[in-house]
Structure formats: structure tokens, C-alpha cells
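Residue strings, one per chain:
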Amino acid sequence: MGVKNVTHKSRWIERFYIPAILSGLKITLKHMFQKKYTVQYPEEKWPVPPGHRGAIRLNKDEEGRVKCVACEMCATACPAKCISMEAGVAPWDDREKYPVWFKIDMLRCILCGMCEEACPEDAIQLTEIYDFSTYTRADLIWEKERLLKNYDITVDGKYFDRSREETGL
Amino acid sequence: MEQAGYAFVDILIVLAKVIVVIGINLLMVMILTLGERRIAGFIQDRYGPNRVGPQGMLQPVADGVKFFFKEEVIPSKAEKVIYVLAPALVLGPALLTFAVIPFGGPLSVVGKEIQLQIAELNVGILYIFALLSLSVYGLVLGGWASNSKYPLMGGLRSAAQMVSYEISMGLAVIGIIMITGSLRLSDVVMHQNELLFGFLPHWNIFLQPLGFIIFIVAAYAETNRVPFDLPEAEPELVGGYHTEYSSMKFASFMMGEYIALITSSALMTTLYFGGWDFPYVDESSLGIWGVLLSIIAFAVKTGFFLFLYLWVRWTLPRFRYDQLMGLGWKVMIPLALFNIIITGVVMSLL
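Computed from a predicted structure; not experimentally measured. (Residues numbered from 1 in each chain as written. Chains lettered and ligands numbered in written order. Predicted model: local features only at pLDDT ≥ 70, side-chain atom pairs only at ≥ 80, totals over all residues. Heavy atoms only, no water.)

Visitor: Report on the overall build of chain A, specifying residues and quantitative values.
Guide: Scanning chain A from N- to C-terminus turns up five helices and five strands. Starting at the N terminus and ending at the C terminus, chain A contains elements arranged as α-β-α-β-β-α-β-β-α-α. Its C-alpha atoms give chain A a radius of gyration of 27 Å, more than 25% over the compact-globule value 15 Å for 169 residues. Here the C-alpha coordinates of chain A stretch approximately 90 × 50 × 30 Å along the principal axes. Contacts in chain A between residues at least 24 apart in sequence constitute 65% of all its contacts with a sequence separation of at least 6. Of the roughly 11,500 Å² of accessible surface on chain A, a fraction of 56% belongs to carbon and sulfur atoms. Taken together, the 26 basic and 26 acidic charged side chains of chain A have centroids lying 15 Å from each other. (Helix = DSSP H or I, 4+ residues; strand = E, 2+ residues; numbered from the N terminus. Rg over C-alpha atoms; globule rule 2.2 N^0.38 Å. Contact = heavy atoms within 4.5 Å. Areas by Shrake-Rupley, 256 points an atom, 1.4 Å probe, with all protein chains shown as cover. Lys, Arg positive; Asp, Glu negative; His and termini not counted. Charge placed at Lys NZ, Arg CZ, Asp CG, Glu CD.)

What follows is the structure, given as C-alpha cells:
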């Protein structure tokens, strides 16, 4: 095996460098008018791939009632112990229990999705919402209303098309 | 020009011209700081700053306010007087240079001929070169007075670089002086006002293409712009000669640099692209509209060269220091001398 000499021998025209500079300028000029890759974040949001484990929602059934039956399977499965609830007698006759209050401490939640897997009613699910930062820690302890609202803004899969006013995020 | 008895009106006219020119220069600095970043963004397939005001138009205002309110740090070991003086030494000459550049055709108002040029010096080109070499003092003194290693190296580099490239810049312009036979910039412009061979504008770029290339390369080196921005090469020198400067002193350095950019673009326009000449149109026959047209022509040409500065910045990489010196002394100066010889031979043959 010999040594392969890859030294570039420039032709006389290349030694003026000006054609090379001009072709470089042409490339940058082309890029100037190209489509930009920037996502203008608060207005545009980068859509996450399906299966993304983001903020948690509580699902509603066809009549708009909370699907959860307060069985506490999710709270038991939760490795971070961030789910808490109080079961009460359901005001509807197709189920026995419903959550009087339901609370997820998103400061503790690790978005592992174990609650979703544990739930026998498909009542708790992870969504594509990833931008739920707040100014206070208290705002990250989500009550039932907030979790049901997450359902409303993500159920049709159009979360990323909604305006900021609509999502409140 | 009349020597004695400057009438009150004349002084007012000069004052008005000074205010307008400095105002437009400072406005252009604001536009350039934004333009640089937005064009950088566009070339790199992103948007650049577009949040402050519509399309980021108020970004320079925000930057200016930020500079005003920043803490002023003077290093305790710095040479205080020179340290404070250095930014002024950069900004001052930069602002003064524009004084001799004609930015429009002669305007006649109520029988009075007004030259659109602050000072019609008969040694205009020399004046510009004198001030260009003055601005190197600001950088060197700023770098030295900071009493810190990176600014010192930046200052030394800029001194060496500016001195080397000034020679080839001056030699390139000699070609123009030979053709025109005058150091007066308004004469240079008037000389380019006709047609060459009946169809080309009589611009010096067509007569001195080699001279123009030497001039533009030297101008990029003089203004410390990419690919010759070694005095402030960030990866090697932190920030270069202004590393230790903060607040408005730093802003003065930046303003000085941008004004030098504007002046050298205006100079390229004046020397090689016909100044305020709008090709194929006789401005003097159009009255006030001709003057307006000439100002627009000047602005468009200068704007193009300013854009070229920004465009080149985001295209070319930086030279190595020995390459810079090699190019300056071994290529540019012989080429400039060759250009003078060619010009002389052609002129004596014609």
C-alpha cells in the first residue's frame, strides 16, 4: 500500500481566488432567500412525534363527565407518588365511585406514563403538551378542572394549532 | 470658492449639511447593527432578531438603551486618560471622514449654488487617507491602555494590518488620481459623469478594474472586517482591542467601526462607481429632480457596498495572520504598482 497523495494542485484561474469567493457569495445569497428553519416558538410550536409523553389529562366520556372511577390504580402505580384523589359516591347510576377531587403534583411527576398503563378505564392519559411551565410552584399542582381542560384542548389532536389565548399556555 | 466674507447664510448651509450628514450616518449605524444580525440570520437559514418592534426594527434602540445603562468598568491597572480617550479617537476621525464625500449633484436654490458636500477640499483624497490612518491610533491606544494581554495583541494586530493595507489602498487610488488629474473628490465624480465608448457609463471601475479589486480588499482590511477581522478574532483574542471596554465606550468603538464602513462604502462609490452619477441621465438638466435622483443613486450604490460588507462577512472565513501579511505585502502592493504602470502606459499611448 503506497501513500495516496491528495494534494490539490490549483489551476491558474483558481489562484486568483476571486471565482471561489464569488461562488461562495452565490451560495450565501441563495440561502438568504431560502425557507427558514426557525420555529417562532410562542406563536408556532414544534409538533412532537406521536407517543410523546407530555402533560397529563383526565378524559371525559361521551356525556362530558369525568371517566375516572377513583379506583386509585394510577396513584398506586405512580413511582413518584404524585397522584392523589378522594373517592366519593358517584352522582350517576352507571358507576359507583367518582373522584371528588383529583390532584397531580406536576413538580413531582416524571412523565413515565405508568398511570396511563395502569388505568382500567382509559381515564388518565399523557398528551403532547410540553410547554406548561409556570411562574409559581403552586401553579404546577393541577386540580381536576385543569386536567379536564387538558382533555378539551388536546382531544381533537389540534393542540399545536390552537392560539395561546385558547390554551392558556 | 470665495475666500473672505462668509455670509451668515453660508454658515447656516454648512451647519445644515453637517447635521444632516452626521444624522444620516448615525441612523445608518443603527440600521447596520440590525442589518448585520438579520442578514446573518437570513444567510444561516434563520430570522435574526425580529421581536423588538415590527420585524425587529426597534432592536437598535433597545441596544442603545442597554449600552447607556450598563455599568462602566475601567480596569484598575488601566492607563485612565488614554483608556478614556481611545474610543473618541476611533469615533472622531470616522465621523470626520465623510466631510469631503460628495453625496449629490450641485443644488441651486434662489440663484445660489450649493454643493452637496460638507467641505470641498482640493486635497479630498489625501484628507481621507490621513483620517483613515488616524483611526488606527484609537485601536492601538485602546488596546495598550487596557493593560491586558488580549486587547494589547488585538491593538498590535490592527496596527500592523492597517499600516500594511494602507499602502496598497493608497497605491490603488493613484490610478484614479492619474486618470482624473485631481485630488478633489467632486472632480473625480464629474470626471465619471459621461459615457465611455458611447454606451458604458464612464465609471472608473471600467477603467481601473484591478485598482478596484485592490481597493476593495484593502478597504476590508482597513475597516477590520471579515475576512480580515484579526484584531477582534473572537476565538483567539476574546474580543480584541475592546475586550476591557464596557457601556458607551464599547458602543463608541462599534459606532466608529460602522461609520468607517459607511465611509469606505461611500468612497468606493465615489472613486469607482461614479459617485452620485445616475448612468445615462444628465442630472443638471433636470433641476431639483436631478439632484434628488443623484442623491438616490449615491444612496443605492453606497447601500449596495454596505450590503456587500455584511454579505461577505457571513461568507468568508478569517485569514491566518501570516496569510494576511503575505497577501498585503507580497500580492497587493506589487499588484497596485503594476496597476499604476499599466495606467501610465495606457495613458501615454492614448
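Visitor: Any details on the interface of chain A and chain B? Residues and values, ideally.
Guide: Facing 16 residues of chain A, the contacting portion of chain B comprises 15 residues. The three residues of chain A that bury the most area against chain B are L25, M32 and K36 of chain A, which together make up 39% of that side's buried surface. Along the contact surface separating chain A from chain B lie zero salt bridges. On the surface where chain A and chain B come into contact, there are six residue pairs in polar contact (both at pLDDT 80 or more). For the side of chain A that touches chain B, a count of residues per class yields seven nonpolar, six polar and three charged. (Buried area = accessible area lost by both parts, 1.4 Å probe. Salt bridge = Lys/Arg side-chain N within 4 Å of Asp/Glu carboxyl O. Polar contact = N/O pair within 3.5 Å; in protein donor to acceptor, adjacent residues only side chain to side chain. Nonpolar A, V, L, I, M, F, W, Y, C, P; charged D, E, K, R; others polar.)

Visitor: Let's hear about the confidence of the model for chain B: which residues, and what values?
Guide: Regions with low pLDDT carry predicted coordinates that are not meant to be interpreted in detail. This prediction gives chain B a mean pLDDT of 84; 97% of its residues lie at or above 70. For this predicted complex, the interface confidence score (ipTM) comes to 0.76, while the overall pTM stands at 0.81. (pLDDT = per-residue confidence, 0-100.)

Visitor: Mind laying out the packing of aromatic side chains, listing which residues take part and the relevant values?
Guide: When we look at a pair of aromatic rings, we describe it by the centre distance and by the angle of the planes. Evaluation of the coordinates by the stated rule reveals 17 aromatic pairs over all chains. Taking the centre distance of 5.2 Å and the plane angle of 75 degrees together, the rings of F212 of chain B and F273 of chain B count as edge-to-face. Placement of F212 of chain B in helix α8 (residues 209-222) and of F273 of chain B in the loop between α10 (247-272) and α11 (288-313) is noted, with a sequence separation of 61 residues between them. Each residue in the set W203, F212, F215, Y272, F273, F304 and F305 of chain B is aromatic and connected to the rest through ring pairs, giving one cluster. Here K103 of chain A stacks its cationic end above the ring of W101 of chain A, 5.4 Å away from the centre of that ring. (Phe/Tyr/Trp six-rings, centres within 6.5 Å; stacked < 30°, edge-to-face > 60°. Lys NZ or Arg CZ within 6 Å of the ring centre and 35° of its normal.)

Visitor: With reference to specific residues and values, describe the pairing of strand β3 (residues 97-105) of chain A.
Guide: Residues and elements named next belong to chain A. As defined by bridge partners, strand β2 (residues 83-89) adjoins β3 across seven bridges and the pair is classed as antiparallel. What sits directly across from V89, in β3, is K97. Taken together, the two bridges between β3 and strand β5 (residues 141-142) define a ladder with antiparallel strand orientation. Bridging from a neighbouring strand, I104 pairs with W142 of β5. (Pairing = 2+ DSSP bridges.)

Visitor: Residue-level account of the side chain of N25 of chain B, with values.
Guide: Residues and elements named next belong to chain B. Secondary-structure assignment places N25 in helix α1 (residues 8-43). By relative accessible area, N25 is classed as buried at 2%. Residue contacts for N25: discarding those within four places in its chain leaves F98, I259 and I262. (Buried < 20%, exposed > 50% of the residue type's maximum accessible area, 1.4 Å probe, protein only.)

Visitor: Just give me the short version of the state of the cysteines, but keep the residues and values in it.
Guide: Put plainly, a disulfide is one covalent bond tying together the sulfur atoms of two cysteines. Residues and elements named next belong to chain A. A complete count under the given rule lists zero disulfides over all chains for this structure. No disulfide involves C109; its sulfur sits 4.4 Å from that of C82, the nearest cysteine. For C109, a relative accessible area of 15% translates into the label buried. (Disulfide = S-S within 2.5 Å.)

Visitor: Summarise the sheet that holds β5 of chain A; cite the residues concerned and give the values.
Guide: Residues and elements named next belong to chain A. If you walk across this open sheet you meet the three strands as β2-β3-β5, and the pairing is antiparallel. Of all strands in the sheet, those bounded by a partner on one side alone are β2 and β5. Contacting β3 and β5, helix α4 (residues 144-154) crosses the sheet at an angle of about 90 degrees to β3. (Axes fitted to C-alpha atoms, helices over the stretch in contact; angles between N-to-C directions.)

Visitor: With reference to specific residues and values, describe helix α1 (residues 18-32) of chain A.
Guide: Note that an α-helix has 3.6 residues per turn; residues three or four places apart therefore point the same way. In a regular helix each residue adds 1.5 Å, so 15 residues correspond to 21 Å; α1 of chain A covers 21 Å between its end C-alpha atoms and thus fits that length. Turning to α1 of chain A, its buried residues number three or more, namely G24, L25, T28 and M32 of chain A. For α1 of chain A, the buried positions fall inside an angular range of 100 degrees around the axis, keeping them on one side. Turned more than 90 degrees from where α1 of chain A packs its buried face, L22, K26 and K30 of chain A sit exposed. Considering only its buried residues, α1 of chain A is in contact with α1 and α11 of chain B. (Expected span 1.5 Å × (residues − 1). Arc of directions from axis to C-beta.)

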